[in-house]
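A closer look at the structure
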2 protein chains.
Amino acid sequence: MQGLFHFELIKKDEKTGARLGILHTPRGVIHTPAFMPVGTQATVKTLTPEEVEELGAEIILSNTYHLYLRPGHELIRQAGGLHRFMNWRRPILTDSGGFQIFSLGPLRRITDEGVQFRSHLDGSLHFITPEKAMEIQAALGSDIAMAFDVCASYPCSYEDALTALERTTSWAERCRKVQPAPEQVVFGIVQGSVYQELRARSARALVDMDFPGYAIGGLSVGEPKSIMYEVLEYTTPLLPEYKPRYLMGVGTADCLWEGVARGVDLFDCVLPTRIARNGTALTSWGKLVVRNAVYADDFSPIEQDCDCYTCRNYTRAYLRHLFKAGEMLGPRLLTIHNLHFTLTLMKKIRQAIEAGDFAGQKNLFLKQYKAF
Amino acid sequence: MQGLFHFELIKKDEKTGARLGILHTPRGVIHTPAFMPVGTQATVKTLTPEEVEELGAEIILSNTYHLYLRPGHELIRQAGGLHRFMNWRRPILTDSGGFQIFSLGPLRRITDEGVQFRSHLDGSLHFITPEKAMEIQAALGSDIAMAFDVCASYPCSYEDALTALERTTSWAERCRKVQPAPEQVVFGIVQGSVYQELRARSARALVDMDFPGYAIGGLSVGEPKSIMYEVLEYTTPLLPEYKPRYLMGVGTADCLWEGVARGVDLFDCVLPTRIARNGTALTSWGKLVVRNAVYADDFSPIEQDCDCYTCRNYTRAYLRHLFKAGEMLGPRLLTIHNLHFTLTLMKKIRQAIEAGDFAGQKNLFLKQYKAF
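Owing to the predicted nature of the structure, the values given are computational and were not obtained by experimental measurement. (Residues numbered from 1 in each chain as written. Chains lettered and ligands numbered in written order. Predicted model: local features only at pLDDT ≥ 70, side-chain atom pairs only at ≥ 80, totals over all residues. Heavy atoms only, no water.)

1. Side note on the sheet that holds strand S1 (residues 6–12) of chain B
Residues and elements named next belong to chain B. Quick reminder of the rule: Strand pairing is defined by DSSP finding a minimum of two bridges between the two strands. Starting at the N terminus, helices and strands are each numbered in turn, a helix being any DSSP run of H or I of at least four residues and a strand any DSSP run of E of at least two. Only the contacting stretch of a helix is used when fitting its axis, a line to C-alpha atoms as for every element, and angles between N-to-C directions run 0 to 180 degrees. The contact criterion used throughout is that any non-hydrogen atoms of two residues lie within 4.5 Å.
Pairing is antiparallel across the open sheet formed by three strands, whose spatial order is S1-S2-S3. The open sheet has two edge strands with one neighbour each: S1 and strand S3 (28–32). Put simply, the sheet's adjacent strands are angled 15° from each other on average, direction ignored. Taken strand by strand, helix H14 (residues 329–354) contacts S1, strand S2 (19–25) and S3, and its axis lies near 120° from that of S2.

Structure, rendered in structure tokens:
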């Protein structure tokens, strides 16, 4: 059932939990630790697939909830699957839609059977079960599908976290029984909020189901970073060493270093692309709001020693002008820079692990970096 | 003063007024008849300069009025000129700002000295004289600057057309006296509305001033196409054979063929790029509104035998999805297609003139094309 899919563990860091690996899939390899740019609606906003590939992305994430509602998974199936529809030939991971649906708040109702919700687009009523979530992802034809889970919010009482965990476990079992698309694999998602005992319980149950990969869900949902790191600290050791670990929704530079240090292999986050569209650039010293008036006559690039297309060809003054004038090239150029920054950072992290200097490089980076 | 700038007339069509030429400029040659994509705010909307170049554009147009207001011509001068600011290395033609200012309607007041107007951005008061228009264009450092003219609207009485013409003539003289930027040339603009006698008078006066090129202004301002063609018919023969002729603001396929047939060498128009952003594609049979529901499950490209990047890689169904979902890649992919369509059409026109079959190819094209 897993076909060509397997995770090759290349090296383990001696001082931290960092790991170097290669995730083999039928559509190509992913060098881990890896960041997955987000292409919510079958496009990494503003970019062509060739540009995303050239930036070094070996896998992207796309959102089941959005594609189910528009243009509809059956249409994408007819188109020959998501890869063909959007012209992206490398691997795609689809989330299960769970997180988006639970984020709808009062628009959704959870039962043991599944989730009823109203579309944020037209208010239409939908009911998604674990089986349905798998069916949609099979129609999309992603390379990695995610089990349908219940993501507890933060803060969350022990009782509520337990209920969410139990549903997640039972739904994971149901997901495991559904036949995925050919060569598609399914990852389980560990829940349990900030409770060590619940995380352990969730991990044990999912490990018993023998998924080919595991995500850590329910983090980056409002809790302080220190708590996220603590949960990772005790959760990743509970997961099988020879399977990939994916921390969902995390993508700022400091969290990427800290996540890798705690044994995470895969990340995704809308932040680099989203803040690009608001005129904010990522740099090695923190963020730079290029819209600010101070850059009006600043004819230097976003970051002097950055070799991305944007920094090689455009000044802060020009970028600011594009944003002030509402020109689409502005979001596009900053998206290129921010993805370049994030994907290059992952490369540096991999090189540091390979060179046996992960902890040193991490300290060096974080010393000059102002988190936000 | 003209430096390396000169127009080489390669061939004249035997049956029509069509001409094949090469416009030599210090920043490169322009094969005429040519279409100039519009980059109003120092960017051809949604595209990078490399993409515009790859599409075959040898020159672009940028708008003085917009750049004067934002980011300001002094800032662009500081940046090293418009080419460096926006990263476009081939020639740029700047309009004089006249047309945009006159389009402001009640927001502007014309005197013999110049035009007072309020910014459409912040309502601030400005006064532009012919000398000022030249100074702004010199700061921008365009390769071809346009004289500051008075564009009569349509319909326009003979008296009003006469007044506009006389001001245009006197302003052209004032523009001619201003020192342009190094290697920058200035084109005069023929006015006279739809009155043959006035067009003749305007042309004679401007030809006496010996501009290195001439534009035909005041067309495509609401008059029927038949009237535009008639005005061109009697106006282009009044202009020097060995200088380029530029028809301002025209760029639909039928008008391009008809303009070339009447001796026009240069065109510009926002239409291909503007309708792209509204989800409308140009094709050899007319326009295709890709947003329409009929294309929801149409997995063919916009045009089957089009070899543009968009048609080689994306279906109508995907493009429609991008527009319905408000994704920026949609406008970008259609802009690529529409500029490819228009620039390829100009190439076909040049090849037809070269092959001695311009009239035949024109008939063939227009027979299957539904004008809009």
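2. Considerations on the side chain of Arg320 of chain A
Residue and element names in this part refer to chain A. We count it as follows: Buried means the residue's accessible area, taken with a 1.4 Å probe over protein chains only, is under 20% of the maximum for its type, while exposed means over 50%, and partly exposed covers the values in between. In this tally Asp and Glu are treated as negative and Lys and Arg as positive; neither His nor the chain ends contributes. The term salt bridge refers to a side-chain nitrogen of Lys or Arg lying within 4 Å of a carboxyl oxygen of Asp or Glu. Pairs of N or O atoms within 3.5 Å make up the polar contacts considered here, provided that, within protein, one atom can donate a hydrogen while the other can accept it, and that residues adjacent in sequence are counted only when both atoms are side-chain atoms.
Looking at the secondary structure, you find Arg320 in helix H13 (residues 316–324). It turns out Arg320 is buried and unbridged, and the closest side chain with the opposite charge, Asp297, is 8.3 Å from it. For Arg320, the side chain forms a polar contact with the main-chain oxygen of Arg291, separated by 3.0 Å. Ignoring any residue separated from it by four or fewer positions in sequence, one finds Arg320 in contact with Val290, Arg291, Asn292, Ala293, Tyr295 and Ala296.

3. Details of the packing of helix H7 (residues 158–177) of chain A against helix H8 (residues 196–208) of chain A
When two helices pack together, their arrangement is captured by the angle between the axes and the distance separating the axes. Residues and elements named next belong to chain A. Defined as follows: Under this scheme an angle from 65 to 115 degrees is roughly perpendicular, one under 35 degrees roughly parallel, and one over 145 degrees roughly antiparallel; angles in between are oblique.
Axis separation between H7 and H8 bottoms out at 10 Å; the angle between their running directions is 5°. The angle between the axes of H7 and H8 places the two elements in the roughly parallel class. Taking contact as the criterion, the partners of Tyr158, Ala161, Leu162, Leu165, Glu166, Thr169 and Ala172 in H7 are, on H8, Glu197, Leu198, Arg201, Ser202, Ala205 and Leu206.

4. Some words on the packing of helix H9 (residues 225–235) of chain B against helix H10 (residues 253–261) of chain B
All names here are of chain B. For clarity, the cut-off: Crossing handedness is defined as follows: a turn of the near helix away from the far one that is anticlockwise and smaller than a right angle gives a left-handed crossing, while the clockwise case is right-handed. Basically, the charged four are Asp, Glu, Lys and Arg, the nonpolar ten are Ala, Val, Leu, Ile, Met, Phe, Trp, Tyr, Cys and Pro, and anything else, Gly included, counts as polar.
Where H9 meets H10, the closest approach of the two axes is 10 Å, and the angle between their N-to-C directions is 20°. The angle between H9 and H10 falls in the class roughly parallel. Considering only the axes of H9 and H10, their crossing is right-handed. On the side of H9, the interface is formed by Lys225, Met228, Tyr229 and Leu232, while H10 contributes Asp254, Cys255, Glu258 and Gly259. Looking at the contact of H9 with H10 residue by residue, the class counts come to four nonpolar, one polar and three charged.

5. Topic: the confidence of the model for chain A
Cut-off, in case you're wondering: One confidence number per residue, pLDDT, is output by the predictor and ranges from 0 to 100.
Within chain A, residue pLDDT values average 97, and 99% of them lie at 70 or more. Interface confidence in the predicted complex, given as ipTM, is 0.98; pTM for the same model is 0.98.

6. Considering the sheet that holds strand S7 (residues 108–110) of chain A
All names here are of chain A. What the three strands build is an open sheet, ordered S7-S8-S9; its pairing is antiparallel. The sheet terminates laterally at S7 and strand S9 (125–128), the two strands that pair on one side only. The mean angle between the axes of side-by-side strands here comes to 15°, regardless of whether they run parallel or antiparallel. Where strand S8 (residues 115–118) meets S9, four bridges bridge the pair, whose relative direction is antiparallel. When the sheet's bridge partners are listed, Val115 is paired in S9 with Ile128.

7. Quick word on the packing of aromatic side chains
Two numbers describe a pair of aromatic rings. These are the distance of the centres and the angle of the planes. Selection rule: Classification of ring pairs rests on two measures: the distance between centres of Phe, Tyr or Trp rings, Trp counted by its six-membered ring, which must be within 6.5 Å, and the angle between planes, read as stacked under 30 degrees, edge-to-face over 60 and tilted in between.
A full pass over the atoms with the stated rule returns 24 aromatic pairs over all chains. An angle of 80° between the planes, with centres 6.0 Å apart, marks the rings of Phe211 of chain B and Tyr214 of chain B as edge-to-face. Like Tyr214 of chain B, Phe211 of chain B is buried. On the basis of an interplanar angle of 40° and a centroid distance of 5.5 Å, the ring pair of Trp257 of chain B and Phe358 of chain B is categorised as tilted. Taken together, the residues span a long stretch of sequence, with Trp257 of chain B in helix H10 and Phe358 of chain B in helix H15 (residues 358–368) at a distance of 101 residues. Overall, the relative accessible area of 2% leaves Trp257 of chain B in the buried class. Using a relative accessible area of 0% as the deciding quantity, one classes Phe358 of chain B as buried. Cluster of aromatic residues (ring-pair linked, three or more members): Phe85 of chain A together with Tyr309, Tyr314 and Tyr318 of chain B.

8. Things to note about the interface of chain B and chain A
Here is the rule we go by: Accessible area, probed at 1.4 Å, shrinks when two parts are joined; the buried area is that loss added up over both.
Contact with chain B, which involves 37 residues of that partner, is made by 37 residues of chain A. Counting each side, the surface lost to burial between chain B and chain A is near 3100 Å², with a carbon and sulfur contribution of 58%. Taken as a group, His321, Glu327 and Met328 of chain B account for 19% of the area that chain B buries against chain A, more than any other trio of residues on that side. Viewed at the interface, chain A and chain B are joined by four salt bridges. For the salt bridge of Glu51 of chain B with Arg332 of chain A, the shortest nitrogen-to-oxygen distance reads 2.8 Å. Breaking the side of chain B that touches chain A down by element, the ones donating at least two residues are helix H1 (49–54), helix H3 (73–78), helix H4 (82–86), helix H12 (309–313), helix H13 (316–324) and H14 of chain B.

9. Details of the relation of the copies chain B and chain A
Inclusion rule: What sets the superposition is a least-squares fit of C-alpha atoms, and only residues with pLDDT of at least 70 in both copies go into it.
For the match of chain B to chain A, the screw axis carries a shift of 0.0 Å, the RMSD comes to 0.0 Å, and the turn is 180°. Overall, the copies show the geometry of a two-fold rotation axis. Among all residues of chain B, the one whose C-alpha sits closest to the rotation axis is Met328 of chain B, at a distance of 3.7 Å.

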